[in-house]
Amino acid sequence: METTDNRLLSGILEQAEQTAQKKLEDAQRQATRIADETQLKIDREIDSLQKDYEQKLKNIELKKQANLASVKRKANLRQIDESYQQVLGRVIALLDAKKVAKHLSTWIAEAAIGLDLKEAKVAFSRQCPVTEEQLKEATSLVQEATGAKITLHLDPKPVQALGVIVSSMDDTVSFNNQVEIRLRRFDRVVRSMIQEHT
């Protein structure tokens, strides 16, 4: 009986050992699977963080480039403005009364055509007065260009800057052809020329 009991006890122990071994192997497999899944999650999280980090770096770089371009653009515009003011100053300095006087008839005619009036008055600066002869020449230029007849009068009120202002007799409309105003009309052309050379 002892042998039977021993065998029975041995069988139970052997079966218990096998069950324990199987449970241990199952637990190890499960632990390995959990460790693998955890590692996979960690790898995915690291990958995601790395992509976020790279995207943030790209965004920072893009902002830096945009700011740099903006600073360069502002500096360039400032340089163009400074150059433009220098050019304007030099041109105005070169345009004295003697040089402007040669163009007054044309400027008066241009203003008169722009206003399209039958009668107008011409204001001028004391440094560069308009003569009756220039008024006649301007009248002829208007007639040649448009076929219209215009009567022009000298305005007793002077203007400050070189050039002329042609106005209706009641001062409701006027066309300013003073040197600085004429130069401003070429503003875009002068600025683009400066931009090409900077």
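Not measured: the values here are computed from a predicted model. (Residues numbered from 1 in each chain as written. Predicted model: local features only at pLDDT ≥ 70, side-chain atom pairs only at ≥ 80, totals over all residues. Heavy atoms only, no water.)

*Asks:* Quick rundown of a nonpolar patch on the surface? Include the residues and the values.
*Replies:* Taken together, the side chains of Tyr53, Leu57 and Ile60 present a nonpolar region at the surface, about 320 Å² in accessible area. Note that Leu57 resides in helix 1 (residues 2-94). (Patch = residues over 30% accessible without salt bridge, like charges linked within 9 Å, V, L, I, M, F, W, Y side chains within 5 Å. Areas by Shrake-Rupley, 256 points an atom, 1.4 Å probe, with all protein chains shown as cover. Salt bridge = Lys/Arg side-chain N within 4 Å of Asp/Glu carboxyl O. Helix = DSSP H or I, 4+ residues; strand = E, 2+ residues; numbered from the N terminus.)

*Asks:* Residue-level account of the pattern of salt bridges, with values.
*Replies:* Applying the stated criterion across every chain yields a total of 10 salt bridges. One salt bridge in this structure joins Lys51 and Asp47, with 3.5 Å as the shortest N-O distance. Placement of both Lys51 and Asp47 in helix 1 is noted, with a separation of four residues, approximately one turn of the helix. Classification of Lys51 by relative accessible area gives exposed; the value is 53%. Note on Asp47: relative accessible area 40%, which makes it partly exposed. The shortest N-O distance in the salt bridge between Asp81 and Arg191 comes to 2.4 Å. Taken together, the positions of Asp81 in helix 1 and Arg191 in helix 6 (residues 187-196) put the pair 110 residues apart, joining distant regions of the chain. One continuous salt-bridge network, built from bridges that share partners, spans Asp81, Asp187 and Arg191. (Buried < 20%, exposed > 50% of the residue type's maximum accessible area, 1.4 Å probe, protein only.)

*Asks:* Let's hear about the packing of aromatic side chains: which residues, and what values?
*Replies:* Throughout the structure, instances matching the rule amount to zero aromatic pairs. The ring of Tyr84 is capped by Arg191, whose NZ or CZ atom sits 4.2 Å from the centre of that ring. (Phe/Tyr/Trp six-rings, centres within 6.5 Å; stacked < 30°, edge-to-face > 60°. Lys NZ or Arg CZ within 6 Å of the ring centre and 35° of its normal.)

*Asks:* Requested: an account of the sheet that holds strand 3 (residues 163-167), with residues and values cited.
*Replies:* Taken together, four strands build an open sheet; the order of strands is 2-1-3-4 and the sheet is mixed. Of all the strands in the sheet, just strand 2 (151-154) and strand 4 (174-178) have a single pairing partner and so form its edges. Strand-to-strand twist in this sheet, taken as the mean axis angle between neighbours without regard to direction, amounts to 20°. Its contacts with the sheet put helix 3 (residues 104-115) on strand 1 (119-124), strand 2, strand 3 and strand 4, and the angle it makes with strand 3 is roughly 25°. (Pairing = 2+ DSSP bridges. Axes fitted to C-alpha atoms, helices over the stretch in contact; angles between N-to-C directions. Contact = heavy atoms within 4.5 Å.)

*Asks:* Which residues make up the side chain of Lys121, and what values go with them?
*Replies:* Inspection of the secondary structure puts Lys121 in strand 1. Of note is the side chain of Lys121, whose polar atom sits 3.1 Å from the side chain of Asp171. (Polar contact = N/O pair within 3.5 Å; in protein donor to acceptor, adjacent residues only side chain to side chain.)

*Asks:* Could you give me a rundown of unusual backbone geometry, with the residues and numbers involved?
*Replies:* Although it is not a glycine, Asp116 sits at a positive phi angle of roughly 55°. By the element assignment, Asp116 lies in the loop between helix 3 and strand 1. Asp116 gets classed as exposed once you look at its relative accessible area, which sits at 64%. The backbone of Asp171 sits at a positive phi, close to 65°, despite the residue not being glycine. If you trace the backbone, Asp171 turns up in the loop between strand 3 and strand 4. With relative accessibility at 42%, the residue Asp171 sits in the partly exposed group.

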